[in-house]
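# Coordinate inspection notes
If you want the building blocks of each chain, they are given just below.
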Amino acid sequence: MSAKDKLSDIDANEKTIGMTLNASPVRFAYQPVKKEVSFSLDEPLEIGKHSYSVWVHDKAGNRTERTVNFTIN
């Protein structure tokens, strides 16, 4: 998922970026050059409905959050 801010930029730390999978925190990686937040699964998800959320604070204190719902058949 892309995470960028053209004006104030984003600090790359756990206080300004967060990610959850099915409402549980996950370890993620932020690549400041690519402006991407990503994570890897240790094992495949089970069949059914899932969601992940990413939130980001920029240096000006603004916050944005995106939640993606998806289903595995």
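Before reading further, recall that the structure is shown in the block above.
Attention in this report is confined to the structure presented alongside it.

The rules we used
- Residues numbered from 1 in each chain as written.
- Predicted model: local features only at pLDDT ≥ 70, side-chain atom pairs only at ≥ 80, totals over all residues.
- Heavy atoms only, no water.
- Helix = DSSP H or I, 4+ residues; strand = E, 2+ residues; numbered from the N terminus.
- Buried < 20%, exposed > 50% of the residue type's maximum accessible area, 1.4 Å probe, protein only.
- Contact = heavy atoms within 4.5 Å.
- Polar contact = N/O pair within 3.5 Å; in protein donor to acceptor, adjacent residues only side chain to side chain.
- Pairing = 2+ DSSP bridges.
- Phe/Tyr/Trp six-rings, centres within 6.5 Å; stacked < 30°, edge-to-face > 60°.

## With respect to the overall build of the protein chain
- The helix and strand inventory of the protein chain stands at zero helices and six strands.
- Sorting the 73 residues of the protein chain into buried and exposed places 21% on the buried side.
- In the protein chain, 49% of the contacts between residues at least 6 apart in sequence involve partners at least 24 apart.

## Brief notes about the side chain of His 50
- One can find His 50 in strand β5 (residues 48–57).
- A polar contact is formed between the side chain of His 50 and the backbone oxygen of Glu 46, at a distance of 2.7 Å.
- Setting aside residues no more than four positions away along its own chain, His 50 makes contact with Asn 22, Leu 45, Val 68, Asn 69, Phe 70 and Ile 72.

## Here's the deal with the sheet that holds β5
- The sheet built from four strands is open, its strands ordered β2-β1-β5-β6 with antiparallel pairing. At either margin of the open sheet sits one strand with a lone partner, and together these are β2 (24–25) and β6 (63–72).
- Here strand β1 (residues 17–21) runs beside β5; their pairing, made up of five bridges, is antiparallel. In the sheet register, Thr 20 faces β5, and the bridge partner there is Ser 53.

## Observations concerning the environment of Met 19
- Topologically, Met 19 is positioned in strand β1.
- The residues touching Met 19, leaving out its near neighbours within four places in the chain, are Ser 24, Pro 25, Val 26, Phe 28, Val 37, Phe 39, Tyr 52, Ser 53, Val 54 and Trp 55.

## Observations regarding the environment of Ser 40
- In this structure, Ser 40 sits in the loop between β4 (36–38) and β5.
- In this structure Ser 40 comes out as exposed when scored by relative accessible area, which is 65%.
- Note: C-alpha distance between Ser 40 and Arg 27 (13 residues apart in sequence) is 8.3 Å.

## Let's talk about the packing of aromatic side chains
- With the rule as written, the count across this model stands at two aromatic pairs.
- Residues Tyr 52 and Phe 70 carry aromatic rings whose centres are separated by 6.3 Å and whose planes lie at 55° to one another, so their mutual orientation is tilted. Taken together, the residues span a long stretch of sequence, with Tyr 52 in strand β5 and Phe 70 in strand β6 at a distance of 18 residues.

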